Amino acid sequence: MSTPPTPSQTVGPFYGYALPFTGGGEVAPAGHPDTITLHGHVYDGAGNPVPDALVETWQPAPDGSRTGRPGSLRHDPVTGRVVGRDGVDFTGFGRVPTDADGHWAVRTLPPGGVPYICVAVFARGLLHHLYTRAYLEDAPGDAFLDTLEPARRATLIARSGPHGTYRFDVRLQGDGETVFLEF
């Protein structure tokens, strides 16, 4: 006899406790001159900030390589606790919680070979995390962006700001909902 699968369950909100790690937003090696900051807010369908979301980023290194370096989740050999990055190697992976205002920030290097950084959002009420891209510039000729109407395309563009910053807000639902990808 076969039993039917059980339904998915809503997860969280426990992200701020269990998943972030020390230095999770410091993807670029300490003091690197080409560091940029990708930051923004996560908003719910009513336009309110989501204070307990988790944002992950992945990207190729500036030279376009996609292998990354190990070291994002270093552990203390005595306690086993995650102690974070070594501050020297570029791993291409970031993980940060949103703060009380729904804000998040990752300091990284410009991606090589593509004009975007991959982003995943974990939040309460989501049965599955959501994938999207933060394009650091409007990339004419990008096969994916070219399929989108201008208003939808605009939800994927990280706006350039002062001092190497890029603003990328994620709207989970409603007006201006971010384009999410399905894999």
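The rules behind the values
Residues numbered from 1 in each chain as written. Predicted model: local features only at pLDDT ≥ 70, side-chain atom pairs only at ≥ 80, totals over all residues. Heavy atoms only, no water. Helix = DSSP H or I, 4+ residues; strand = E, 2+ residues; numbered from the N terminus. Buried < 20%, exposed > 50% of the residue type's maximum accessible area, 1.4 Å probe, protein only. Areas by Shrake-Rupley, 256 points an atom, 1.4 Å probe, with all protein chains shown as cover. Pairing = 2+ DSSP bridges. Axes fitted to C-alpha atoms, helices over the stretch in contact; angles between N-to-C directions. Core = buried A, V, L, I, M, F, W, Y, C linked by side-chain atoms within 4.5 Å. Contact = heavy atoms within 4.5 Å. Phe/Tyr/Trp six-rings, centres within 6.5 Å; stacked < 30°, edge-to-face > 60°. Lys NZ or Arg CZ within 6 Å of the ring centre and 35° of its normal. Salt bridge = Lys/Arg side-chain N within 4 Å of Asp/Glu carboxyl O.

**Some words on the overall build of the protein chain**
A tally of regular secondary structure across the protein chain gives 2 helices and 11 strands. If you list the helices and strands of the protein chain from N to C, you get α-β-β-β-β-β-β-β-β-α-β-β-β. Looking at the protein chain as a whole, 41% of its 183 residues qualify as buried. With the model as given, the accessible surface of the protein chain reaches about 10,100 Å², and the carbon-plus-sulfur share is 54%.

**Observations regarding the pairing of strand β2 (residues 54-58)**
Within β2, 4 of the 5 residues are buried, which leaves it mostly tucked inside the rest of the structure. Here β2 pairs with strand β5 (residues 93-97) via 5 bridges, running antiparallel. Of the residues in β5, the one forming a bridge with Thr 57 is Gly 94. Strand direction decides the pairing type here: β2 and strand β7 (residues 116-122), joined by 5 bridges, are antiparallel. Paired with Val 55 across the strands is Val 121, a residue of β7.

**Overview of the sheet that holds β7**
Spatially, 4 strands are ordered β5-β2-β7-β8 in an open sheet, and the strand pairing comes out antiparallel. Either end of the sheet is taken by a strand with one partner, and the two such strands are β5 and β8 (130-135). Across the sheet, the mean angle separating the axes of adjacent strands is 25 degrees when strand polarity is ignored.

**Some points on the nonpolar core**
Leu 38, Val 42, Trp 104, Leu 136, Phe 168 and Leu 172 are the most contacted members of the largest nonpolar core, which has 27 residues in total. Among the secondary structure elements, those contributing two or more residues to this core are β1 (36-43), β6 (103-108), β7 and β8. Beyond its immediate chain neighbours, meaning those up to four positions away, Val 42 contacts Asn 48, Pro 49, Val 50, Ala 53, Val 55, Thr 98, Gly 102, Trp 104, Val 121, Val 170 and Leu 172. With 8 residues, the next largest nonpolar core counts Val 114, Tyr 116, Tyr 135 and Val 179 among its residues.

**Brief notes about the packing of aromatic side chains**
The tally for this structure, following the rule as stated, stands at 3 aromatic pairs. Taking 6.1 Å as the distance between ring centres and 35 degrees as the angle between the ring planes, the aromatic pair formed by Trp 58 and Tyr 131 counts as tilted. Residue Trp 58 is located in strand β2, and its partner Tyr 131 is located in strand β8; the two are separated by 73 residues in the primary sequence. Classification of Trp 58 as partly exposed rests on a relative accessible area of 29%. Residue Tyr 131 is classed as partly exposed on the basis of its relative accessible area, which comes to 27%. Lying across the ring of Tyr 116, Arg 133 places its NZ or CZ 4.1 Å from the centre.

**Focus on the pattern of salt bridges**
Counted according to the given criterion, the structure contains 5 salt bridges. A salt bridge links Arg 107 to Glu 26; the nearest nitrogen and oxygen atoms lie 3.0 Å apart. Remark: Glu 26 occurs in the loop between α1 (15-18) and β1 and Arg 107 occurs in strand β6; sequence separation between them is 81 residues. With a shortest N-O distance of 2.8 Å, Glu 56 and Arg 95 are connected by a salt bridge. Of the two residues, Glu 56 is situated in strand β2 and Arg 95 in strand β5; the sequence distance between them amounts to 39 residues. Accessibility classification places Glu 56 together with Arg 95 in one group, the buried group.

**Some points on unusual backbone geometry**
At His 163, a position not held by glycine, the phi torsion is positive, near 60 degrees. On the secondary structure map, His 163 appears in the loop between β9 (159-160) and β10 (165-167). By relative accessible area, His 163 is classed as exposed at 80%.

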